Amino acid sequence: MNEKLIIGVDIGGTTTKLALVLERGEVMEKWEIPTNTSNSGVAIIPDIAAAIKLKIMEHSIAQEQILGIGVGAPGPVNMQTGILYTGVNIGWEKPVPLREELQHLTSLPVVIENDANVAALGEMWKGAGDGARDVVCITLGTGVGGGVIVNGDIAHGVKGAAGEIGHITAVPQNGYYCNCGKYGCLETVASATGVLRLATDELKENQDPSVLREILHTTGRLSSKDIFEAAAQRDKIALKVVEKLTFYLGLALANLGSALNPEKIVIGGGVSQAGDTLLIPLREKFKQYAFSTVAESTSIEIATLGNDAGVIGAAWLIKYKH
Ligand SMILES: [Zn+2]
């Protein structure tokens, strides 16, 4: 094996995903290590370096065969200095010189980027973006992350906070509190937790019979999957929840779309697994609220790379940003 390789790293709150990626963006091998967030996350960078060294040894890969390490990190990033401003989810409350430390420990070139941006780059390069150079990605998971790609590159803004789509205010009055300190963020209604919150509220306000009420009664909990499955079966309450969700999401995406007119808006994360039950009403709302040229030319698609988007996008950084 003489082909050049890139190492993609995606640091998450509980696990860090790693992959050996071929230069053309194909994942050759992937593996995971736990993210050790204890002691303010001091072990995280040494753990990543050790995992990479071990893999290189296992496969007898020559150092010069590796083009570098791309890293997606959970927080705002300074691309010039390679510093992560904060990574609260992984115990990094102060700025960490991630690029410098990992470079020092591995003797390989390192490029870092925010994790949501990296996932967006992965989808642009090898996923639903399908070669488009103007793409907005939004991930509906535990939280809501986003990445804005304009003319083939990520928009960062003045302090690395461009693309924080989850914190667009969606509910300006009486909205729920968001982890960012604000109220009514899109994340509070469009994340997996947000969808559940909409369902719980609807079940309180609306006494119609619903399979959701039965599920909640017997199991004590609901999942966003339950809600979309019930909506697909035309359960009235579930349909109301999907209606509310797609209203908030469709309005936010239409406004973003009217600002950027991307070729594609790509929706990823657990909630996107609902497929057409989400996509069909969402496209309707988008068309209703977007500027007409945008409504006609911007398409909304479901992400295709799943959990691999991060490591693939991280590899993109080495291929195009190093
Ligand atoms: Zn927020």
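Above this text you will find the structure in question.
This one's a predicted model, so the numbers in the text were calculated from it and none came from an experiment.

Let's talk about the overall build of the protein
Part 1 of the argument: Helix and strand content of the protein: 12 helices and 12 strands.
Part 2 of the argument: The C-alpha radius of gyration computed for the protein amounts to 20 Å, which stays within 12% of the reference 20 Å derived for 322 residues, consistent with globular compactness.
Part 3 of the argument: In terms of principal-axis extent, the alpha carbons of the protein reach across some 65 × 45 × 35 Å.
Part 4 of the argument: Here the protein holds 322 residues, and the buried ones make up 51% of them.
Part 5 of the argument: Counting contacts in the protein only where the partners sit at least 6 residues apart, residues at least 24 apart contribute 62% of the total.
Part 6 of the argument: Approximately 15000 Å² of the protein is accessible, and the part contributed by carbon and sulfur atoms is 51%.

A closer look at the nonpolar core
Part 1 of the argument: Core analysis: the largest hydrophobic core is formed by 44 residues, its most contacted members being Ile 138, Leu 140, Leu 186, Leu 212, Leu 249, Leu 253 and Phe 286.
Part 2 of the argument: Of the residues forming this core, the biggest block, 11 residues, is contributed by helix α9 (residues 236-260).
Part 3 of the argument: Those residues in contact with Ile 138 that lie beyond four places of it in its chain are Val 144, Gly 145, Gly 146, Ile 165, Leu 186, Leu 249, Leu 253, Val 266, Ile 267 and Gly 268.
Part 4 of the argument: Counting 31 residues, the second-largest nonpolar core is a separate cluster that includes Leu 18, Ile 45, Leu 102 and Leu 108.

Digging into the coordination of the zinc ion
Part 1 of the argument: Protein coordination at the zinc ion: the donors are His 167 (ND1), Cys 178 (SG), Cys 180 (SG) and Cys 185 (SG), at 2.0 to 2.3 Å from the metal.
Part 2 of the argument: In this structure, the zinc ion is surrounded by four donor atoms whose angles at the metal cover 105 to 118°, and the resulting shape is tetrahedral.
Part 3 of the argument: Residue Cys 180 is classed as partly exposed on the basis of its relative accessible area of 41%.
Part 4 of the argument: Looking at Cys 185, the relative accessible area reads 0%, which means it is buried.

Some thoughts on the packing of helix α7 (residues 211-219) against helix α8 (residues 224-232)
Part 1 of the argument: Orientation of α7 relative to α8, taken along the N-to-C sense of each, is 150°, at an axis distance of 10 Å. For the element pair α7 / α8, the angle class is roughly antiparallel. Seen from above, α7 lies across α8 with right-handed handedness. Between α7 and α8, the contacting residues are Val 211, Leu 212 and Ile 215 on the first element and Asp 226, Ile 227 and Ala 230 on the second.
Part 2 of the argument: Classifying every residue of the contact of α7 with α8 gives five nonpolar, no polar and one charged.

Quick look at helix α12 (residues 309-321)
Part 1 of the argument: In a regular helix each residue adds 1.5 Å, so 13 residues correspond to 18 Å; α12 covers 17 Å between its end C-alpha atoms and thus fits that length.
Part 2 of the argument: For α12, the buried fraction is high: 10 of the 13 residues fall into the buried class.
Part 3 of the argument: Along α12, the residues that are buried comprise Ala 309, Gly 310, Val 311, Ile 312, Gly 313, Ala 314, Ala 315, Trp 316, Leu 317 and Ile 318.

Notes on the pairing of strand β8 (residues 135-140)
Part 1 of the argument: The buried fraction of β8 is high, at five of six residues.
Part 2 of the argument: Relative to strand β9 (residues 144-150), β8 is paired through six bridges, and the arrangement is antiparallel. Along β9, the bridge assignment pairs Ile 138 with Gly 146.
Part 3 of the argument: Taking the residues between adjacent antiparallel strands as the criterion, β8 and β9 are bridged by three residues.

Re helix α2 (residues 44-58)
Helical geometry: 3.6 residues make up each α-helical turn, so side chains three or four residues apart lie on a common side.
Part 1 of the argument: Over its 15 residues, α2 extends 21 Å from the first C-alpha to the last, a length consistent with the 21 Å expected when each residue adds 1.5 Å.
Part 2 of the argument: Of all the residues in α2, the buried ones are Ile 44, Ile 45, Ile 48, Ala 49, Ala 51, Ile 52, Lys 55 and Ile 56. The arc that holds every buried residue of α2, seen down its axis, measures 160°, which confines them to one face.
Part 3 of the argument: As for α2, its buried residues are in contact with β1 (5-11), β2 (15-22), β3 (27-34), α1 (38-41), β4 (66-73) and α3 (98-106).
Part 4 of the argument: A positive phi of about 45° marks Ser 60, the residue just after α2.

With respect to the packing of aromatic side chains
Part 1 of the argument: Using the criterion set out here, one finds five aromatic pairs in the structure.
Part 2 of the argument: Residues Tyr 177 and Tyr 183 carry aromatic rings whose centres are separated by 5.3 Å and whose planes lie at 65° to one another, so their mutual orientation is edge-to-face.
Part 3 of the argument: Given the relative accessible area of 54%, Tyr 183 is considered exposed.
Part 4 of the argument: Between Trp 316 and Tyr 320, the ring centres sit 5.3 Å apart and the planes meet at 35°, which makes this aromatic pair tilted. Highlighted residues: Trp 316 and Tyr 320, both in helix α12, separated by four residues, approximately one helical turn.

Overview of the pairing of β4
Part 1 of the argument: With seven of its eight residues buried, β4 lies for the most part within the structure.
Part 2 of the argument: The pairing of β1 with β4 spans six bridges and is classified as parallel. Note that in β4 the partner of Ile 7 across the bridge is Ile 69.
Part 3 of the argument: In the sheet, β4 pairs with strand β7 (residues 110-114) via five bridges, with the strands oriented parallel. Residue pairing across strands places Gly 72 opposite Glu 113, the latter belonging to β7.

Conventions and cut-offs
- Residues numbered from 1 in each chain as written.
- Predicted model: local features only at pLDDT ≥ 70, side-chain atom pairs only at ≥ 80, totals over all residues.
- Heavy atoms only, no water.
- Helix = DSSP H or I, 4+ residues; strand = E, 2+ residues; numbered from the N terminus.
- Rg over C-alpha atoms; globule rule 2.2 N^0.38 Å.
- Buried < 20%, exposed > 50% of the residue type's maximum accessible area, 1.4 Å probe, protein only.
- Contact = heavy atoms within 4.5 Å.
- Areas by Shrake-Rupley, 256 points an atom, 1.4 Å probe, with all protein chains shown as cover.
- Core = buried A, V, L, I, M, F, W, Y, C linked by side-chain atoms within 4.5 Å.
- Donors = N, O, S within 2.8 Å, 3.2 Å for Na, K, Ca; no water.
- Tetrahedral: all angles 85-135°; square planar, octahedral: opposite > 155°, others 65-115°.
- Axes fitted to C-alpha atoms, helices over the stretch in contact; angles between N-to-C directions.
- Parallel < 35°, antiparallel > 145°, perpendicular 65-115°, else oblique.
- Left-handed = near helix turned anticlockwise from the far one by under 90°.
- Nonpolar A, V, L, I, M, F, W, Y, C, P; charged D, E, K, R; others polar.
- Expected span 1.5 Å × (residues − 1).
- Pairing = 2+ DSSP bridges.
- Arc of directions from axis to C-beta.
- Phe/Tyr/Trp six-rings, centres within 6.5 Å; stacked < 30°, edge-to-face > 60°.

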